Amino acid sequence: MKVILIIPARYGSSRFPGKPLAMIKGKPMIQRVYERALLAKGIDEIYVATDDERIAAAVRGFNGEVVMTDADLATGTDRINQTVSHLDLADDDLVINLQGDQPIADPDSLEQLAALFKAAPGEFEMATLAYQFGENDDPQDPNQVKVVFDNDMFALYFSRSCIPFGRDVQDYPIYKHLGVYAYTCKFLKTFAALPMGRLEQLEKLEQLRALEHGHRIKLAFSKYNSTEVDTPEDIARCERLMVED
């Protein structure tokens, strides 16, 4: 089983145009993400998937691999799927989707995703990670996606709202969904062909499409939080965390 990591990156973010090229401690964010992925063991190939020549030029500038995709793709999964179609991969090869706005992604978490599939081959075709909110985190923040799961660590639901709701208790664990996925190439093709779901449209969370169509998503706990860059203000927060590390 080959392990391919793909970083989807688009220029036209509504909240933060040009986000992949935003500078973080002297390097564009897309380079920071790429370099974090390079630290993970067991990944055979890494690609940036983009429709923008400015991003592609930046990736080539630091000797990264880039695949150009169509500009009118609806989701990051569609961009990943089109990238995979350009590569010579088998159905059971593993694709890791690392979002291009995670400049301090943890390499151990990427290895953890691949290990899930190697430990239980054929038992599931999509997986992702969860992290327990700490006392300094804000589960009420809609940009911090929450997840609930069953006793076998399969996702029940993802939401921007705080779930579950403790009717009679206030102190209970809440889990953040970390925006990194892994799927077999075979399932990726299936997932990309599914129609957009009603819940996906409401929450603007494409992983809900899999649940709505009856597919299971395996979860594992990560020891590391994921810091996403959603707005220009998040750049300074990432830089502070890099100093602390």
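Our structure's up above, just so we're on the same page.
First, a word on what this report is: a plain description of the structure on this page.

1. Some points on helix 1 (residues 29–38)
And then number 1: Burial analysis of helix 1 places seven of its 10 residues in the buried class, the great majority of the element.
And then number 2: Burial in helix 1 covers these residues: Met29, Ile30, Gln31, Arg32, Val33, Tyr34 and Ala37.

2. Focus: the layout of surface pockets
And then number 1: Quantified by volume, the largest pocket comes out at close to 1,200 Å³.
And then number 2: Along the walls of the largest pocket sit 36 residues, with Arg10, Gln99, Asp101, Lys204 and Glu206 positioned nearest its centre.
And then number 3: For the lining of the largest pocket, the secondary-structure elements that each account for two or more residues are strand 1 (3–9), helix 3 (76–85) and strand 10 (175–184).
And then number 4: Among the elements that take part in the lining of the largest pocket, strand 10 stands out by supplying five residues, more than any other.
And then number 5: The residue inventory of the lining of the largest pocket, partitioned by class, reads 10 nonpolar, 14 polar and 12 charged.
And then number 6: Looking at the second largest pocket, its volume works out to about 510 Å³.

3. Some points on the environment of Asn81
And then number 1: By the element assignment, Asn81 lies in helix 3.
And then number 2: What Asn81 contacts, discounting residues up to four positions off in sequence, is Leu188, Lys189 and Ala192.

Parameters at a glance
- Residues numbered from 1 in each chain as written.
- Predicted model: local features only at pLDDT ≥ 70, side-chain atom pairs only at ≥ 80, totals over all residues.
- Heavy atoms only, no water.
- Buried < 20%, exposed > 50% of the residue type's maximum accessible area, 1.4 Å probe, protein only.
- Helix = DSSP H or I, 4+ residues; strand = E, 2+ residues; numbered from the N terminus.
- 1 Å grid on protein atoms, 1.4 Å probe; cavity = no way out; pocket = protein on both sides within 12 Å on 5 of 7 lines; lining within 4 Å.
- Points joined across faces, edges and corners; volume = space filled by probe spheres on them.
- Nonpolar A, V, L, I, M, F, W, Y, C, P; charged D, E, K, R; others polar.
- Contact = heavy atoms within 4.5 Å.

Honestly, it's all geometry; don't read function into it.
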